[in-house]
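What the coordinates show
The residues making up each chain are set out below.
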Amino acid sequence: MTQTPSPLLEVEDVAIRFGGLQALDAVSFDVRRGEILALIGPNGAGKSTLLNVISGTLRPDRGRVRFKGEDVTGLPDHEINARGLARTFQAAEILTGLTVRENVMAAGVRGARSGFGAGLAGLGWKTGGAADLPRLAARHLEAVGLASMADASASQLTAGQQRLLAVARALASGAELLYLDEPGAGLNGTEKDMLAKAILNIRGRGITVVFVEHDLAFVGKLAERIVVLHHGRVLARGEAAEVRADPRVVAAYLGNTEIPAGLRGAAPSGQARTALALEKLSVRYGALEALVDVSLHVREGEIVSLIGANGAGKSTLLKAIVGQVRPHAGRLMFEQRDLSRVAPELRAGLGIALAPEGRSLFPSLSVEENLMMGFYPRVRRAGVLQLLAPRRETAEAMRRTMEEVTALFPRLAERLRQPAGTLSGGEGQMLAIGRALMSGPRLLMLDEPSFGLAPQVAREILESLPRLTERGLSILLIEQNARAALQVSDRGYVLVNGRLAAEDSSANLLRRDDIGDAYLGWNGEERRLSA
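Conventions we followed
- Residues numbered from 1 in each chain as written.
- Predicted model: local features only at pLDDT ≥ 70, side-chain atom pairs only at ≥ 80, totals over all residues.
- Heavy atoms only, no water.
- Helix = DSSP H or I, 4+ residues; strand = E, 2+ residues; numbered from the N terminus.
- Areas by Shrake-Rupley, 256 points an atom, 1.4 Å probe, with all protein chains shown as cover.
- Axes fitted to C-alpha atoms, helices over the stretch in contact; angles between N-to-C directions.
- Parallel < 35°, antiparallel > 145°, perpendicular 65-115°, else oblique.
- Contact = heavy atoms within 4.5 Å.
- Nonpolar A, V, L, I, M, F, W, Y, C, P; charged D, E, K, R; others polar.
- Core = buried A, V, L, I, M, F, W, Y, C linked by side-chain atoms within 4.5 Å.
- Buried < 20%, exposed > 50% of the residue type's maximum accessible area, 1.4 Å probe, protein only.
- Domains from an automatic or database assignment.
- 1 Å grid on protein atoms, 1.4 Å probe; cavity = no way out; pocket = protein on both sides within 12 Å on 5 of 7 lines; lining within 4 Å.
- Points joined across faces, edges and corners; volume = space filled by probe spheres on them.
- Polar contact = N/O pair within 3.5 Å; in protein donor to acceptor, adjacent residues only side chain to side chain.
- Phe/Tyr/Trp six-rings, centres within 6.5 Å; stacked < 30°, edge-to-face > 60°.
- Pairing = 2+ DSSP bridges.
- Expected span 1.5 Å × (residues − 1).
- Arc of directions from axis to C-beta.
- Left-handed = near helix turned anticlockwise from the far one by under 90°.

**Some thoughts on the overall build of the chain**
Assigned secondary structure in the chain consists of 24 helices and 20 strands. Accessible surface, the chain as shown: approximately 23500 Å² in total, 50% of it carbon and sulfur.

Laid out in structure tokens, this is it:
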């Protein structure tokens, strides 16, 4: 009988609250010595918060973290690191002014303890334990496949190579357990293969690996066991094959909010004018490819859903439309107008409005004042004098628009004088949408409107969307809750790792068996679905 390896890390009944938000609640699991364990879950599940508790950045309200049998709960992060638990970050933390080798050597200085005097004399690299730093750096670079680039400038590395260097730097700190935070985010297929090979090589050297990841294809290639978080609780844990087959995990990612049938009327005809068109749009963050050749369109009066796991590139697409990021290639057209020629601050004035993820309200202002802020693009269109001394008709237009918004969301009418910071999550989302509607848009973009909301509240918000299109408004809906999004929309697109994997009518997408595979990527393949 095979003996189960002893736990290296134990998390017991951990809970932490931020104000009214219970970020983690009764979280318990262990990490066995020498294994590769994946921590997954939908956006907002509590993964980053848990990582910060384990690494010492946050102290839990309740519970214990034990590493190698020692209670390390609440210890400063540098002390936990000194005990052998090292982490990487979502953004590769490297020193671009140093060579690849020097980056790794710098990470090992603390453990080398060469002495203060030697450092002042400029001999820190050559005395005591520091004399071994070049040899150890070479060993760690070999482990991650960067040995041949040791003398290259770190600034010359690709995105994938920067992630590998960050891993080598974590190893240099003396890691026995390596905690990787979304190591595959933004990497292409070749770079992810390099990263997977490095992780397997590291585990082969006796180092335990835990990684947080949204790319479930990447998870499927590596993880021996999986822990799934959802709404701050452990939803599932166990062997990878067992967790992958758990219907609760699929439901957590795809969503289980049911929208009544028939809520959405007949879709606009194919002859309706195109409000928004993206043609082979590509966006990069440095060397990271966030979007690659994405083409989609939204017709007037249509609701279009863009679904995909967190990190797929959905929010980046919205940022490109409003001008927060500049596309690397492709075209963005709104009502036949090229948006590349329109400054970001002027796009709202064209009739484009965004209700962003996280709501971005002004908490100290009242609900009414937040709504009035949304009217600003219309006042600006009327000229500078309207900002200084609005005409009576401008004030009347704002009053009528506010009445329309509060009729759509009656709860806002009851709370006009209430500070926005005191609203519930659902009320805050209603206000974010209402503020976007105050600008009188013809295209409304919603970024994760159901995020962090109870199913009943999410249902109430999503059910309000078809009523908006009755006035000709077009809606682009970005959602992780795929099922509910498709139930209220006319057409849908599936985005996987920055590329479109499928597009069809929402009804057809809901019936297709392969959508779950595309969305979750459990098959370990980045492929385009069959037509």
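**A look at the packing of helix 6 (residues 133-144) against helix 8 (residues 189-204)**
Orientation of helix 6 relative to helix 8, taken along the N-to-C sense of each, is 125°, at an axis distance of 7 Å. In terms of orientation, helix 6 and helix 8 fall into the oblique class. Residue-level contacts link Glu-142, Ala-143 and Val-144 of helix 6 to Ala-198, Asn-201 and Ile-202 of helix 8. Of the residues in the contact of helix 6 with helix 8, the class split is four nonpolar, one polar and one charged.

**Regarding the nonpolar core**
Soluble globular proteins tend to bury their nonpolar side chains together. Counting 52 residues, the largest nonpolar core has Val-144, Leu-165, Leu-178, Ile-202, Phe-211 and Ile-226 as the members making the most contacts within it. Counting the residues that make up this core, at least three belong to each of domain 1 (9-84 + 176-254) and domain 2 (92-112 + 131-174). Discounting chain neighbours no more than four positions away, the residues touching Val-144 are Leu-164, Val-167, Ala-168, Leu-171, Ala-198 and Ile-202.

**So, the environment of Leu-50**
Here Leu-50 is to be found in helix 1 (residues 47-55). Apart from residues no more than four positions distant in its own chain, Leu-50 is found in contact with Val-11, Leu-24, Val-27, Phe-29, Leu-39 and Leu-229.

**Section: empty space enclosed by the protein**
Counted by the stated rule, this structure contains one cavity of 30 Å³ or more. Counted as a void, the largest cavity has a volume near 50 Å³. Per-element accounting of the lining of the largest cavity gives the leading share, three residues, to helix 7 (residues 159-172). For the lining of the largest cavity, the class distribution of residues is five nonpolar, one polar and two charged.

**Some points on the side chain of Ser-282**
With respect to the secondary-structure elements, Ser-282 resides in strand 11 (residues 274-285). A polar contact is formed between the side chain of Ser-282 and the backbone nitrogen of Asp-293, at a distance of 3.0 Å. When sequence neighbours within four positions are dropped, the list of residues in contact with Ser-282 reads Leu-291, Val-292, Asp-293, Pro-327, His-328 and Ala-329.

**Brief notes about the packing of aromatic side chains**
Scanning all chains against the criterion turns up one aromatic pair. Ring centres of Phe-211 and Phe-218 lie 5.9 Å apart, and the angle between their planes is 80°; this geometry places the pair in the edge-to-face category. Each member of the pair, Phe-211 as well as Phe-218, is classed as buried.

**So, the sheet that holds strand 10 (residues 233-239)**
Spatially, six strands are ordered 6-7-8-3-9-10 in an open sheet, and the strand pairing comes out mixed. Whereas interior strands pair on both sides, the edge strands pair on one side only; in this sheet they are strand 6 (85-87) and strand 10. Strand-to-strand twist of the sheet, defined as the mean angle between neighbouring strand axes without regard to direction, takes the value 15°. Where strand 6 lies against strand 7 (residues 177-181), three bridges are found, and the strand directions are parallel. Directly across from Arg-87, in strand 7, lies its bridge partner Tyr-179. Seen against the sheet, helix 1 touches strand 3 (36-40), strand 6, strand 7, strand 8 (208-212) and strand 9 (225-230) and runs at an angle of roughly 140° to strand 6. The sheet strands contacting helix 8 are strand 3, strand 7 and strand 8, and the helix crosses strand 3 at an angle near 130°.

**So, the pairing of strand 20 (residues 499-505)**
Here six bridges tie strand 19 (residues 491-496) to strand 20, and the two strands are oriented antiparallel to one another. Across the sheet, residue Leu-495 finds its bridge partner in strand 20, namely Leu-500. Linkage of strand 19 to strand 20, two consecutive antiparallel strands, is achieved through a turn of two residues, within which Asn-497 is found at a positive phi near 50°.

**Details of the sheet that holds strand 17 (residues 443-447)**
Reading across from one edge, 16-17-18-13-19-20 is the order of the six strands in this open sheet, with mixed pairing throughout. The sheet terminates laterally at strand 16 (352-355) and strand 20, the two strands that pair on one side only. The sheet shows a mean angle of 15° between the axes of neighbouring strands, direction not considered. Of the strands in this sheet, strand 16 and strand 17 are in contact with helix 19 (residues 425-437), which crosses strand 16 at around 170°.

**So, helix 17 (residues 392-408)**
Between its terminal C-alpha atoms helix 17 stretches 25 Å, which fits the 24 Å expected from 17 residues at 1.5 Å a residue. Along helix 17, the residues that are buried comprise Thr-394, Ala-397, Met-398, Thr-401, Met-402, Val-405, Thr-406 and Leu-408. In an axial view of helix 17, the angular spread of the buried residues amounts to 165°, which keeps them on one side of the axis. Structural note: helix 17 exposes Arg-392 and Ala-407 on the side pointing more than 90 degrees away from its buried face.

**So, unusual backbone geometry**
At Gln-336, a residue that is not glycine, the phi angle is positive and equals roughly 70°. Here Gln-336 is to be found in the loop between strand 14 (329-334) and strand 15 (337-338). Taking the relative accessible area as the measure of exposure, Gln-336 reaches 67% and is therefore exposed.

**Regarding the pairing of strand 7**
Where burial is concerned, most of strand 7 is hidden: five out of the five residues are buried. Along strand 7, one buried face is formed by Leu-177, Tyr-179 and Asp-181 and the opposite face, lined by Leu-178 and Leu-180, is buried too. Sheet topology places strand 7 next to strand 8; five bridges connect them, and they run parallel. Within strand 8, the residue paired with Leu-180 across the bridge is Phe-211.

**As for the packing of helix 7 against helix 8**
Direction vectors running N to C along helix 7 and helix 8 enclose 15°, while the axes themselves pass 9 Å from each other. Taken together, the axis directions place helix 7 and helix 8 in an arrangement best described as roughly parallel. The handedness of the crossing between helix 7 and helix 8 is right-handed. Note on element contacts: helix 8 touches helix 7 through Glu-191, Met-194, Leu-195, Ala-198 and Ile-202, opposite Ala-159, Gly-160, Gln-161, Leu-164, Val-167 and Leu-171. By residue class, the composition of the contact of helix 7 with helix 8 is eight nonpolar, two polar and one charged.

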